[in-house]
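Overview (structure and organization)
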Amino acid sequence: MVLRSGCKFGPVLVWFRLGYVVLLWLCVTHLRCARAETKTVVQKDAEFDVTYNDTVTSDNQTIYAFNHTVSRNKTEGIRVTVDVLSEGAESSPILFVVRQKQAVLSFQVPLILRGLYQRKYPYAHVGRTLCQPPTRSLTETQYFFVDVSTLSSLGTHYQLRISRVDSFTLHTDKKFSFTASPSQPQYFKYVFPDGVDTVIVKVNSEMTFPCSVMSIQDIQCPVYDLDNNVAFIGMYQTMTKTAAITVQRKDFPSNSFYVVVVVKTEDEACGGPLRFYPLRPDELIDAGNRSKTLDVVVSPAISCESLSQADQRTSAPSNTDVYVMGMLFCLGIFLSFYLLTFLVACVENKRMHRRREGLLNPADMSPAETASLLGKPGVTPVSPYEYGSFVDNASTLSSEAITDSIASDANYRYMGQETLKRRPFLTAIHHVAIRIERSLESVAGRSRHESLSSIEEDDYDTLADIDSDKNIVRTKKYLCVSDLARKDKRVLSKKYQIYFWNIVTIGVFYALPVIQLVITYQTVVNVTGNQDICYYNFLCAHPLGNLSAFNNILSNLGYVMLGLLFLLIVLQRDIIHSRALDRNDLNALECGIPKHFGLFYAMGTALMMEGLLSACYHVCPNYTNFQFDTSFMYMIAGLCVLKLYQKRHPDINASAYTAYACLAAVIFFSVLGVVFGKGNMVFWIVFSVLHILATMLLSTQLYYMGRWRLNSGILRRIVYVIYTDCIRQCSGPMYIDRMVLLVMGNIVNWSLAAYGLLKTPNDFASYLLAIAICNLLLYFAFYIIMKLRSGERIQCMAMVCILFTAVVWGFALFFFFQGLSTWQKTPAESREHNRDCIVLSFFDDHDIWHFLSSIAMFGSFLVLLTMDDDLDNVQRDKIFVF
């Protein structure tokens, strides 16, 4: 039985003994590991402003215990400074852990910071500021501990120092200087004083590099104060010599914030050079000395919420809301132009009314008034008997030769030279009677002709003969406006009205996505806090709601208001002209430059759209959306050139579809230049070639008045012209005036093309705008010179507009070239150009440019509107084309 039992439990005993041996082995192994991992932990009561030199190994850990008294009414910073003195510590760095009441800060020394392309920069000297937890008690004693440990078995020597930062809290308008580096960032606390809702934090340095970052963060732990995490929260911007951020109380519930300054490990973000790429991926690079001395000052700014509560030490008005002052100032300037226009209209209306009364009642006028109307002093008035008999006589005489101007001269001689010399007023009445008779006949003939014709331009061409008549008329050596004003006025009016409706349609479809995009830009800036996205003048950027620079948006109001005023002036002239046509007024039908207002309406609309899109651009100005600000500048320049050309060439001016297609091509190249033009020589070569070809084609079109064809025989005709006019016989150009203009235009455009090809400017949009403006100014100067050369004169109102506009343009360009920011550089470099406000502590130099340029554009439009008013009483066959 015993033997059987032993056999029965034998396997169980074997397994039990085996398990016992394994358990015993595990216990021994665990005891050995526990003995091996046991460290010596030393805790020391430490003091502030004492340097501790110690060595740490993997077998020992040191804890430094500190205590200090915290007051609710006073905030002081605590600075931890660590130096590693041992060589080769990069392989086994020391870990420092600072344990506070409501926060934990840990960092290793040497501190490894990464740059572009994962470059690694070690820093053996590290300084960090501890985050201060808030206290509700009046005074409270708080403890914090600094744990020092490492995995190095050889031991690493270090120095530790804890010190108080007495200037941890910034005071309003008091400058504070400090030094920072990538491993020793600095941050300070600012508390909003009573009555101040908005402040501007300015950080300046005399050193351009190293590149640094300023950040505004809420009072919370942890504080992100290293190069690799400073962008995590709050608002931030890179800087070289200056940085400025406007801070509003409403964004910080604790009524206070931290100003954090971090020096970056590399300068590439600020436009500096890049370091060489390491040969090995994990190779550590010595960063060298990257310490930077900076100044910080916090100054009160303008708030739209605080009224007359600003700090007395500020220069801002203390009893006036500057936002309201800025708005009233802006409205007052431009409403004054409405008032001035109304007064001028009243005076002009009264003058015209007196003139009409004088012509209808000459017997009631004094000799001086009659002389002033006729422009000749000493003229005596005509009697009613002489007036009536002369009109009857003149009507009888004019009926014999009603359509011949020579007959009118014969009638003039028939009246007797002596009588006309003694009665100059009779001469005027004589011509008026003849013109009335001629007008009635021409209107009757035209009415019969119009009743049988279509009002569509393609079906109705008032050169009523075959197409060769156009070649005969338009290629005459000396052209008059009557030669190029033969088409029906209704046809041309309809043609030019299309300019207005097309630009309205273009403006709506262009502006809506622009507004959506800039709102998205502003939202991204507000959410991410990245103020490098937008190129503001940060020293004069006054926020309102979600807008970061309301003053730059408000100053564009002038474009809209003056554009609307110009539309009203054009509308008034259009109504007067339409009434004159309805009553078959001779001057309106046969005299002066043909009046077509469609292009003027388009110009006024373009000015309003320029204001809207410029405001959209200034919501977040940067490189990619600068085209919003320039697109309608191209439109305005193109429309002004077309209007100048239309004045003397109404029948052959470009249609709205052709004009806007060409302007669309210009904007297309503008977009290509912005995207691909920077440093791309291939793009510049293609653009310069196209620019020169377009110049040559346009020159040919203008020289031959459109009477040429671009087809397969063009080269043969060019060779033939060169042979006949240059080789066979040397003959000058047939149209000398046109040739002078086109030669000058080609010189200017070829020079601009060569400049772009050689310099390849980064700002392609401004370069393209310069081409348009140069061509406009050249054509305008040519027009004025030829007008005076042809014996025409410029009336007083037009001369006043020219002089006023020239002066305003001069001042406007002065403020434009101040250059408060530039997106051709990095955001940090652009901020070096920032300047303080100069008007009402609200508007900067660029805002003044907006004011003056809108006024100057309005004046330029008035010049185009009034410069040919002297020809209103001159027959069109006496007005030369140039």
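Scroll up for the structure.
Everything quoted here is computed from the prediction, not taken from an experiment. The residue count restarts for each chain, going from 1 along the sequence in the order it is written. Local features in a predicted model are, by the rule used here, given only for residues with pLDDT of at least 70; side-chain atom pairs are given and counted only at 80 or more, and totals for whole chains, interfaces and linings are based on all residues. Water and hydrogen atoms were dropped before computing side-chain values, which therefore reflect all heavy atoms in the structure.

Our next topic: the nonpolar core. Throughout this description, the term nonpolar core refers to a set of buried Ala, Val, Leu, Ile, Met, Phe, Trp, Tyr and Cys residues connected via side-chain atoms within 4.5 Å. Relative accessibility under 20% of the residue-type maximum defines a buried residue, over 50% an exposed one, and the middle range a partly exposed one, all with a 1.4 Å probe and only protein chains included. In terms of nonpolar packing, the biggest core is built from 108 residues, with Tyr499, Phe566, Phe600, Met603, Leu639, Tyr660 and Phe858 touching the most fellow members. Those residues in contact with tyrosine 660 that sit more than four places away from it in its chain are Tyr499, Asn502, Ile503, Ile506, Ala602, Met635 and Leu639. Core analysis: the second largest hydrophobic core is formed by 32 residues, Ala46, Leu113, Phe144 and Ile162 among them. It only takes one pair of heavy atoms within 4.5 Å for two residues to be counted as in contact.

This paragraph deals with the packing of aromatic side chains. Any two of the Phe, Tyr and Trp rings considered here, Trp counted by its six-membered ring, make a pair once their centres fall within 6.5 Å; the pair's planes then place it as stacked at under 30 degrees, edge-to-face at over 60, or tilted in between. This structure, assessed with the given rule, holds 51 aromatic pairs. Judged by centre distance (5.9 Å) and plane angle (75°), the rings of phenylalanine 168 and tyrosine 187 are edge-to-face. A residue pair is termed long-range when its members are at least 10 positions apart, and phenylalanine 168 in the loop between strand 11 (156-165) and strand 12 (169-170) and tyrosine 187 in strand 14 (residues 186-191) qualify at 19 residues. For the pair shown, phenylalanine 168 and tyrosine 187 are each scored as buried. Site record: aromatic cluster; members linked through ring pairs are Tyr323, Phe329, Phe334, Phe550, Phe842, Phe843 and Phe851. Strands here are runs of E lasting at least two residues and helices are runs of H or I lasting at least four, both read from the DSSP assignment and numbered beginning at the N terminus.

A word on the environment of phenylalanine 782. On the secondary structure map, phenylalanine 782 appears in helix 19 (residues 764-789). Leave out the neighbours within four places in its chain, and phenylalanine 782 touches Asp737, Leu741 and Phe882.

Covalently bonding the sulfur atom of one cysteine to the sulfur atom of another cysteine gives a disulfide. Note on disulfides: each one is a pair of cysteine sulfur atoms within 2.5 Å. Per the counting criterion, the structure on display carries four disulfides. Between the sulfur of cysteine 131 and that of cysteine 221 lies a disulfide, 1.8 Å long from S to S. In this structure, the disulfide formed by cysteine 131 and cysteine 221 twists by about -85° around the S-S bond and is classed as left-handed. Highlighted residues: cysteine 131 in the loop between strand 9 (125-129) and strand 10 (139-149) and cysteine 221 in the loop between strand 16 (212-218) and strand 17 (235-239), separated in sequence by 90 residues. Taking the relative accessible area as the measure of exposure, cysteine 131 reaches 8% and is therefore buried. At a sulfur-sulfur separation of 1.8 Å, the disulfide partner of cysteine 534 is cysteine 620.

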